[in-house]
Amino acid sequence: MRLEGKVAIVTGAASGIGKATAALFRAEGAQVIAADRTEGEGVVAADAGSEEDVKRLVATAVATHGGLDIVFANAGISGGLASLFEQSPDDWEAILRVNLIGPFLAIKHAAPHMKERGGGSIICTASVAGIRAGAGGPAYSASKAGVINLVKVAATQLAGANIRVNAICPGLIETGMTRPLYDNARAAGREDLIGHLNPLKRGGVPDEIARAALYLASDESSYVNGHALVVDGGLSASHPFYRQDYGRTSF
Ligand SMILES: NC(=O)c1ccc[n+]([C@@H]2O[C@H](COP(=O)([O-])OP(=O)(O)OC[C@H]3O[C@@H](n4cnc5c(N)ncnc54)[C@H](O)[C@@H]3O)[C@@H](O)[C@H]2O)c1
């Protein structure tokens, strides 16, 4: 019960990483307001990119549970893999609205309540795509790079409030977002290629990100602030360089 007595908001909670994290937070004793674009079982409707909706979510947490301790600003869209030259400003605005403005709004509206309560933990989902090129479309990657910087800026601007703001950078995780990639690989009989670029040579599962979110949400990470935690099986640890004997070394 690492989150006993805590109140949490999780966005993008109807699927994948958000769904797994909402379940884990609940199992660890938190009262969780799970939100997604549309209402579902145990999920309230809120657009993570709408200031009105985010304000309403925070107000609900405070009115229903008496305060707010944890926000997991996780909702995101991939926007596809079209190149820089194929994307329009509208495409960029739509992607940045959810992936970057969403976390900004979560921080902006949650932090004042957390400050009143004496502290809190805000976690935003970035991505390895935000570290360097090649793991997502152009606007998606830029939005996630923005999230990595946003948590540093927010942690700094919240100095003295005892509110920690961190990001998680997942690698390849099997969720609704990556379903086409998994489906295509399976249909082609090449499931072995999924995640083969990282040293663990497999894709991750949502629970492996939920556990990182739990660590950052709980007091176990009490001195971790303004950090982007990579959870990617080692994908981003190396530069693209191929040696024939990789994976065949005997120890
Ligand atoms: N799956 C991966 O490999 C991977 C890797 C790196 C980062 N991420 C990030 O993880 C986060 C969660 O994605 P996932 O992989 O679980 O995908 P997912 O598609 O399974 O879940 C994302 C959820 O966010 C919701 N959502 C989208 N726009 C929203 C909005 N405006 N308001 C509220 N909810 C909205 C969707 O309805 C969906 O339920 C995203 O930020 C994504 O960019 C995923």
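Predicted model only: the values in this text are computed from it and were never measured. (Residues numbered from 1 in each chain as written. Predicted model: local features only at pLDDT ≥ 70, side-chain atom pairs only at ≥ 80, totals over all residues.)

S.K.: Tell me about the overall build of the protein, and please be specific about residues and values.
M.R.: Assigned secondary structure in the protein consists of 6 helices and 7 strands. Starting at the N terminus and walking to the C terminus, you meet the elements of the protein as β-α-β-β-α-β-α-β-α-β-α-α-β. Relative to its length of 251 residues, the protein is compact, with a C-alpha radius of gyration of 18 Å against a globular reference of 18 Å. With respect to the three principal axes, the spread of C-alpha positions in the protein is 55 × 45 × 35 Å. Residue burial in the protein is summarised as follows: out of 251 residues, 45% are buried. (Helix = DSSP H or I, 4+ residues; strand = E, 2+ residues; numbered from the N terminus. Rg over C-alpha atoms; globule rule 2.2 N^0.38 Å. Buried ≥ 20, exposed ≤ 12 C-beta atoms within 10 Å, placed from the backbone.)

S.K.: I'd like a rundown of the site of the ligand, residues and numbers included.
M.R.: Taken together, 26 residues form the shell around the ligand, and within it Gly12, Gly16, Gly76, Thr175 and Gly176 come nearest. Here the element with the most residues in the shell around the ligand is helix H1 (residues 16–27); it accounts for 3 residues. Looking at the shell around the ligand, its residues break down into 10 nonpolar, 13 polar and 3 charged. (Near = placed C-beta within 6 Å. Nonpolar A, V, L, I, M, F, W, Y, C, P; charged D, E, K, R; others polar.)

S.K.: Would you mind going over the nonpolar core in detail, with residue names and values included?
M.R.: Ala8, Val10, Phe25, Ile122 and Ala213 are the most contacted members of the largest nonpolar core, which has 73 residues in total. For this core, the element with the most residues is helix H3 (residues 89–117), which contributes 11 residues. Excluding residues within four positions of it along the chain, Phe25 makes contact with Leu3, Ala8, Val10, Ala30, Val32, Leu214 and Ala217. (Core = buried A, V, L, I, M, F, W, Y, C linked by C-beta atoms within 7 Å. Contact = placed C-beta atoms within 7 Å.)

S.K.: Talk me through unusual backbone geometry; I want residue IDs and the actual numbers.
M.R.: Phi is positive for Asn162, close to 60 degrees, though the residue is something other than glycine. Tracing the backbone shows Asn162 in the loop between helix H4 (138–157) and strand E6 (163–170). Asn162 gets classed as partly exposed once you count the C-beta atoms within 10 Å, which come to 15. In this model, Lys201 sits at a positive phi of 55 degrees, which is unusual for a non-glycine residue. With respect to the helices and strands, the residue Lys201 is situated in the loop between helix H5 (179–187) and helix H6 (206–217). Judged by the 14 C-beta atoms lying within 10 Å of it, Lys201 is partly exposed.

S.K.: So what's going on with the sheet that holds strand E1 (residues 7–11)? Which residues, and what values?
M.R.: Reading across the sheet, the 7 strands line up as E3-E2-E1-E4-E5-E6-E7 and stay open at both edges, with parallel pairing between neighbours. Lying at the two open borders of the sheet, with one neighbouring strand each, are strand E3 (44–45) and strand E7 (228–231). Direction of pairing for strand E4 (residues 70–73) relative to strand E5 (residues 120–125): parallel, over a ladder of 4 bridges. Bridge pairing in E5 links Val71 to Ile122. Each of E1, E4, E5 and E6 touches H3; the most contacted strand, E5, lies at about 170 degrees to it. (Pairing = 2+ DSSP bridges. Axes fitted to C-alpha atoms, helices over the stretch in contact; angles between N-to-C directions.)

S.K.: With reference to specific residues and values, describe H5.
M.R.: Burial of H5 is sparse: only 0 of the 9 residues sit out of reach of the surface. Gly189, located one to two residues past H5, shows a positive phi value of around 70 degrees.

S.K.: For the pairing of E7, give the residues involved together with the corresponding values.
M.R.: Here E7 shows a clear split, with Ala228 and Val230 buried on one side and none of Leu229 and Val231 buried on the other. In terms of strand pairing, E6 meets E7 through 4 bridges, oriented parallel. Its bridge partner being in E7, Ala167 is matched across the sheet by Ala228.

S.K.: Can you lay out the packing of H1 against H6 for me, pointing to particular residues and giving the numbers?
M.R.: Packing of H1 against H6 leaves a shortest axis separation of 8 Å and a crossing angle of 50 degrees. In this view, H1 runs oblique relative to H6, as classed from their interaxial angle. As H1 runs across H6, the sense of the crossing is right-handed. Only Pro206, Asp207, Ile209, Ala210, Ala213, Leu214 and Ala217 of H6 make contact with H1, whose side of the interface consists of Gly16, Ile17, Lys19, Ala20, Thr21, Leu24 and Phe25. (Parallel < 35°, antiparallel > 145°, perpendicular 65-115°, else oblique. Left-handed = near helix turned anticlockwise from the far one by under 90°.)

S.K.: Break down H4 for me, citing the residues and quoting the values.
M.R.: Taking 1.5 Å as the rise per residue, H4 with 20 residues should run 28 Å; its terminal C-alpha atoms sit 28 Å apart, in good agreement. Three or more residues of H4 are buried, namely Pro138, Ala139, Tyr140, Ser141, Ser143, Lys144, Val147, Leu150, Val151, Ala154 and Ala155. Tucked into the core, H4 has its buried residues touching H3, E5, E6 and E7. (Expected span 1.5 Å × (residues − 1).)

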